[in-house]
Amino acid sequence: MTRTAPLRKPRARSQARIDSILDAARTLLASEGVASLSIYSVAERAQIPPSSVYHFFASVPALLEALTADVHAAFRACLQAPIEHERLDGWRDLSRLVEQRMLAIYADDAAARQLILAQHGLTEVTQADRQHDLELGDLMHKLFNRHFTLPALPQDVDVFALAMELGDRVYARSVQQHGQITARMAEEGMRVFDAYLGLYLPPYLPKRPTPL
């Protein structure tokens, strides 16, 4: 009697191969930058045939889009991590906490800095980053609303997503000049983030008795 192979193993092997490809690309991206990345260099680093990389990622931009999604997954996780409501005296305490968590991701992940903050000129990656920013902006809006009673905000502008993008411009300048986000520029980025939100949020927002 012929035994049918279980379906889970091929999927597990495929995911393991994808993970090894992404790990290799992340390592190369961190050490050599976007310009040096190719399907062949990733294949060599992962010790697999180039055809295996092409099987999962048709091009370098497709590979970078997958890495960008990974980076933004880390950003989403930091927005969803627990926050001690009783330690928030005002909305700026929350904004600083959120920005510090995101800065920690940039500090620990050179590939994230290359993808989000470096000048690489890849339209597909930039568009993917902006789409992820909209999702992060929605999450941040919900996070602020969970802890504070927000005023009416414009419907035609995603205030929180734009605040993040403006802060990232400051961080990007630091990466371009220094190869990292310096403590001084991290502070400036947080000030830009707060300054833009301050156009729509009053200095004092009523804090909810308990988070939503």
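Residues numbered from 1 in each chain as written. Predicted model: local features only at pLDDT ≥ 70, side-chain atom pairs only at ≥ 80, totals over all residues. Heavy atoms only, no water.

1. Considerations on the overall build of the chain
And then number 1: Looking only at helices and strands, one finds nine helices and zero strands in the chain.
And then number 2: In the chain, the succession of helices and strands from N to C terminus is α-α-α-α-α-α-α-α-α.
And then number 3: Considering only C-alpha atoms, the chain reaches an extent of 70 × 50 × 30 Å along its principal axes.
And then number 4: Expressed as a percentage of the 212 residues in the chain, the buried residues total 43%. (Helix = DSSP H or I, 4+ residues; strand = E, 2+ residues; numbered from the N terminus. Buried < 20%, exposed > 50% of the residue type's maximum accessible area, 1.4 Å probe, protein only.)

2. Re the nonpolar core
And then number 1: Among the nonpolar cores identified, the biggest contains 61 residues, and Met140, Phe144 and Leu197 are the most heavily contacted of them.
And then number 2: At the level of secondary structure, the elements contributing two or more residues to this core comprise helix H1 (8-32), helix H2 (39-46), helix H4 (60-80), helix H5 (91-108), helix H6 (110-117), helix H7 (123-147), helix H8 (159-178) and helix H9 (183-197).
And then number 3: The dominant element in this core, judged by the number of residues it contributes, is H4, at nine residues.
And then number 4: Contacts of Met140, omitting those with residues within four sequence positions, involve Leu79, Val98, Met102, Phe160, Met164 and Phe193. (Core = buried A, V, L, I, M, F, W, Y, C linked by side-chain atoms within 4.5 Å. Contact = heavy atoms within 4.5 Å.)

3. Some words on the layout of surface pockets
And then number 1: The calculated volume of the second largest pocket comes to roughly 170 Å³.
And then number 2: Lining the second largest pocket are Pro82, Ile83, Glu84, Arg87, Leu88, Asp93, Arg96, Leu97, Gln100 and Arg101.
And then number 3: Considering only residue class, the lining of the second largest pocket consists of four nonpolar, one polar and five charged. (1 Å grid on protein atoms, 1.4 Å probe; cavity = no way out; pocket = protein on both sides within 12 Å on 5 of 7 lines; lining within 4 Å. Points joined across faces, edges and corners; volume = space filled by probe spheres on them. Nonpolar A, V, L, I, M, F, W, Y, C, P; charged D, E, K, R; others polar.)

4. Description of the pattern of salt bridges
And then number 1: If you walk through the whole model with that rule in mind, you get six salt bridges.
And then number 2: Between Arg96 and Glu187 there is a salt bridge, and its shortest N-O distance comes to 2.8 Å. Taken as a pair, Arg96 in helix H5 and Glu187 in helix H9 lie far apart in primary sequence, 91 residues in all.
And then number 3: The class of Arg96 is partly exposed, set by a relative accessible area of 30%.
And then number 4: The partly exposed category is assigned to Glu187, whose relative accessible area is 31%.
And then number 5: With a shortest N-O distance of 2.6 Å, Arg184 and Glu188 are connected by a salt bridge. Note that Arg184 and Glu188 are positioned in helix H9 at a spacing of four residues, about one turn of the helix. (Salt bridge = Lys/Arg side-chain N within 4 Å of Asp/Glu carboxyl O.)

5. Notes on unusual backbone geometry
And then number 1: Phi is positive for Gln47, which is not a glycine, with a value near 60°.
And then number 2: Residue placement: Gln47 occurs in the loop between H2 and helix H3 (50-56).

6. Side note on the UniProt feature "DNA-binding region" (unreviewed entry) in the chain
And then number 1: Listed under "DNA-binding region" (unreviewed entry) in the UniProt record, and renumbered for this structure, are residues 38-57.
And then number 2: For the annotated span residues 38-57, helix accounts for 75% and strand for 0% of the residues, and the straight-line distance between the end C-alpha atoms is 11 Å. (UniProt positions renumbered as here; feature names shortened; annotations may be inferred.)

7. Focus: the packing of aromatic side chains
And then number 1: Going through the model one piece at a time under the given rule, you end up with five aromatic pairs.
And then number 2: Ring centres of Tyr40 and Tyr54 lie 6.4 Å apart, and the angle between their planes is 75°; this geometry places the pair in the edge-to-face category. With Tyr40 in helix H2 and Tyr54 in helix H3, this residue pair connects regions lying 14 residues apart in the sequence.
And then number 3: Ring geometry for Phe75 and Tyr106: centres 5.3 Å apart, planes at 70°, overall edge-to-face. Here Phe75, found in helix H4, pairs with Tyr106, found in helix H5; they are 31 residues apart in sequence, far enough to count as distant.
And then number 4: Exposure remark for Phe75: the relative accessible area of 2% places this residue in the buried category. (Phe/Tyr/Trp six-rings, centres within 6.5 Å; stacked < 30°, edge-to-face > 60°.)

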